[in-house]
Amino acid sequence: MPMTSTAAPPRDACATLRGRDLLSIRDLTREELVGLMTLAVDVRREPSRYAGALRGKTLATIFEKPSLRTRVSFHVAAHQLGGHALDLAPQEIGLGVREPIADVARTLERMVSGIMIRTFAHDLVVQLAAAATIPVVNGLTDFSHPCQALADYLTMLEVKGRLKGLRLAFVGDGNNVANSLIFGAALLGVDMRIAAPTGYEPAPGVLAWARRHQTANGIACRVVRSPEEAVDGADVVYTDTWVSMGQEAEAEERRRAFAGYQVTEALFDLAAPGAIFMHCLPARRGEEVAAGVIDSPQSVVFQQAENRLHSEKALLVALMG
Ligand code: CP
Ligand code: NVA
């Protein structure tokens, strides 16, 4: 898809997103997802054009789990757009504990212009968004991580020059990151193969949604039998931690279940010539990926991390600008 000169200015391509929430990639149309990536490219190329897009506006951020990339990228994005980000410590606001979720939403909407939240249960974000009249952005739940997928597809487009028909192998846990990549693959026509141990595959509902929404090009996201089958001929090899935040009690059981699913040099060698390695970070070298892969020239993990900033600036411009 062309990502350069569109007929309409990139901001206009995202007009349908103004005032909306971003809870999941599946809430977007293909045009909106492409529009956000196009806007991210423009925001990076011409930052001065967007320097005042959030002037006078505040984004409240709530992190009920740790974060480096998501916290820094949203805060820096708000600042670079002329706005302000305010971090609310979860133990101080006590969402649903100190006071009802709806009361937090109805208070915040009188003082800030948007809320970004990272939490455990996806339903909490759904409830917050339903109660608030201002945009709510999902900064990761146990179900999905839409901001990561947005930056990831932008990275694939930058490095590989296309998305439609691109072969993406996801090796590991069928988790929040995998779910968001699947939704994006279905919208963008990416040919995604997932290799996960039995019991750790993406939820059937996620795959069923992808089947229903995949573009009419004969491509389907599918779970395959082995990491080798997923990676064979892939343009992109992606993995994520075996133990997501909140799953620490299952760590040993998970490490046993995922033995054989490490992206090793030998596994990566099965990918297509010029293939790239991707990981949302944080990574555990020696578990889901070998150091020789993530630290190789084929790895684009820090380009992904940087793209969190550009794509989040685009998201804030589109939703709150
Ligand atoms: N990839 C990502 O979301 O990183 P953080 O957990 O550090 O925010
Ligand atoms: N699946 C990981 C992603 C971290 C960015 C987690 O939820 O911990």
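For the structure, see preceding data.
Here is a short report on the structure shown in this document. Along every chain, residues carry numbers that run from 1 in the direction the sequence is written. Chains and ligands are labelled by the order in which they are written, letters from A for the one and numbers from 1 for the other. Residue-level local features of this predicted model are given only where pLDDT is at least 70; pairs of side-chain atoms are given and counted only at 80 or more, and the full residue set underlies all totals for whole chains, interfaces and linings. The side-chain values count all of the structure's non-hydrogen atoms but skip hydrogen atoms and water molecules.

Our focus in this paragraph is the packing of aromatic side chains. Under the pairing criterion, centres of Phe, Tyr and Trp rings, with the six-membered ring standing for Trp, must be within 6.5 Å; the plane angle then separates stacked pairs below 30 degrees from edge-to-face pairs above 60, leaving the rest tilted. All told, the structure shown has 6 aromatic pairs when counted by the stated rule. Seen in terms of ring centroids, Phe143 and Phe183 are 6.0 Å apart; in terms of plane orientation they differ by 50°. Their pairing is tilted. Here Phe143, found in the loop between β4 (136–138) and α7 (146–160), pairs with Phe183, found in helix α8 (residues 176–188); they are 40 residues apart in sequence, far enough to count as distant. Taking the relative accessible area as the measure of exposure, Phe183 reaches 0% and is therefore buried. Where Trp242 meets Phe258, the ring centres are 5.6 Å apart and the plane angle is 15°; that geometry is what we call stacked. On the criterion of sequence distance, the pair formed by Trp242 in the loop between β8 (236–239) and α11 (251–257) and Phe258 in the loop between α11 and α12 (265–268) is long-range, its members being 16 residues apart. Note on classification: 1.4 Å probe, protein chains only; a residue is buried when its accessible area is under 20% of the maximum for its type, exposed when over 50%, partly exposed between these limits. Judged by relative accessible area, Trp242 falls into the buried class, the value being 6%. Taken together, Tyr200, Trp242, Phe258 and Tyr261 form an aromatic cluster joined through their ring pairs. Two conditions define a charge located above a ring, namely a distance within 6 Å from the ring centre to NZ of Lys or CZ of Arg, and an angle within 35 degrees of the ring normal. The ring of Phe63 is capped by Arg71, whose NZ or CZ atom sits 4.4 Å from the centre of that ring. For the purposes of this entry, the term helix denotes a DSSP run of H or I that reaches at least four residues, the term strand denotes a run of E that reaches at least two, and both are numbered from the N terminus.

Surrounding ligand 1, one finds Ser67, Leu68, Arg69, Thr70, Arg118, His145, Gln148, Cys280, Leu281 and Arg308. At 2.8 Å from an oxygen atom of ligand 1 is found a side-chain nitrogen or oxygen belonging to Arg69. Here a polar contact means two N or O atoms within 3.5 Å. Within protein one must be a hydrogen donor candidate and the other an acceptor candidate, and residues neighboring in sequence count only if both atoms are side-chain atoms. The side chain of Thr70 places a nitrogen or oxygen atom 2.7 Å from an oxygen atom of ligand 1. In isolation ligand 1 exposes 250 Å². Once the protein is present, 96% of that is buried. As a working rule, the residues Ala, Val, Leu, Ile, Met, Phe, Trp, Tyr, Cys and Pro are called nonpolar, Asp, Glu, Lys and Arg charged, and the rest polar, with Gly in that last group. Of the residues in the shell around ligand 1, the class split is 3 nonpolar, 4 polar and 3 charged. What makes a residue near a molecule or strand is one non-hydrogen atom of that residue sitting within 4 Å of it. Using a 1.4 Å probe, the Shrake-Rupley method yields the accessible areas, and only the shown protein chains count as cover for residues.

Let us now look at the environment of Val224. Structurally, Val224 can be placed in the loop between β7 (222–223) and α10 (227–231). Judged by relative accessible area, which is 7%, Val224 ranks as buried. Separated by 55 residues in the primary sequence, Val224 and Ala169 have C-alpha atoms spaced 9.9 Å apart.

Here we take up the nonpolar core. Buried Ala, Val, Leu, Ile, Met, Phe, Trp, Tyr and Cys residues that are joined via side-chain atoms within 4.5 Å together make up what is termed a nonpolar core. Within the largest apolar cluster, 67 residues are counted, with the highest numbers of intra-cluster contacts made by Tyr153, Met156, Leu163, Leu181, Met192 and Leu316. The residues touching Met192, leaving out its near neighbours within four places in the chain, are Leu168, Phe170, Ala178, Leu181, Ile182, Ala185, Ala220, Cys221 and Arg222. Membership of the second largest hydrophobic core comes to 26 residues, among which are Val231, Ala251, Tyr261 and Val263. Any two residues whose heavy atoms approach within 4.5 Å are treated as being in contact.

So, on to the sheet that holds β4. For two strands to be treated as a pair, DSSP must find no fewer than two bridges joining them. Across the sheet, 4 strands lie side by side as β2-β1-β3-β4; this open sheet has parallel pairing. The outermost strands of the open sheet, each flanked by one partner alone, are β2 (84–88) and β4. Put simply, the sheet's adjacent strands are angled 20° from each other on average, direction ignored. For strand β1 (residues 58–63) and β2, the ladder comprises 5 bridges, and the chain directions are parallel. For Leu59, the partnering residue across the bridge sits in β2 and is Ala85. Whenever a helix is involved, its axis is fitted only over the stretch in contact; in every case the axis is a line through C-alpha atoms, and angles between N-to-C directions fall within 0 to 180 degrees. Sheet strands touched by helix α3 (residues 69–80): β1, β2, β3 (114–118) and β4. Its angle to β2, the strand with the most contacts, is close to 145°. Each of β3 and β4 touches helix α6 (residues 122–131); the most contacted strand, β4, lies at about 165° to it.

Neighbouring residues of ligand 2: Leu140, Asn175, Asn176, Val177, Asp240, Thr241, Ser244, Met245 and Leu281. Side-chain polar atom of Asn176 to an oxygen atom of ligand 2: 2.8 Å apart, as the coordinates give it. Within the backbone of Met245, an N or O atom sits 2.8 Å from an oxygen atom of ligand 2. Contact with the protein chains hides 96% of the accessible area of ligand 2, taken as 270 Å² for the molecule alone.

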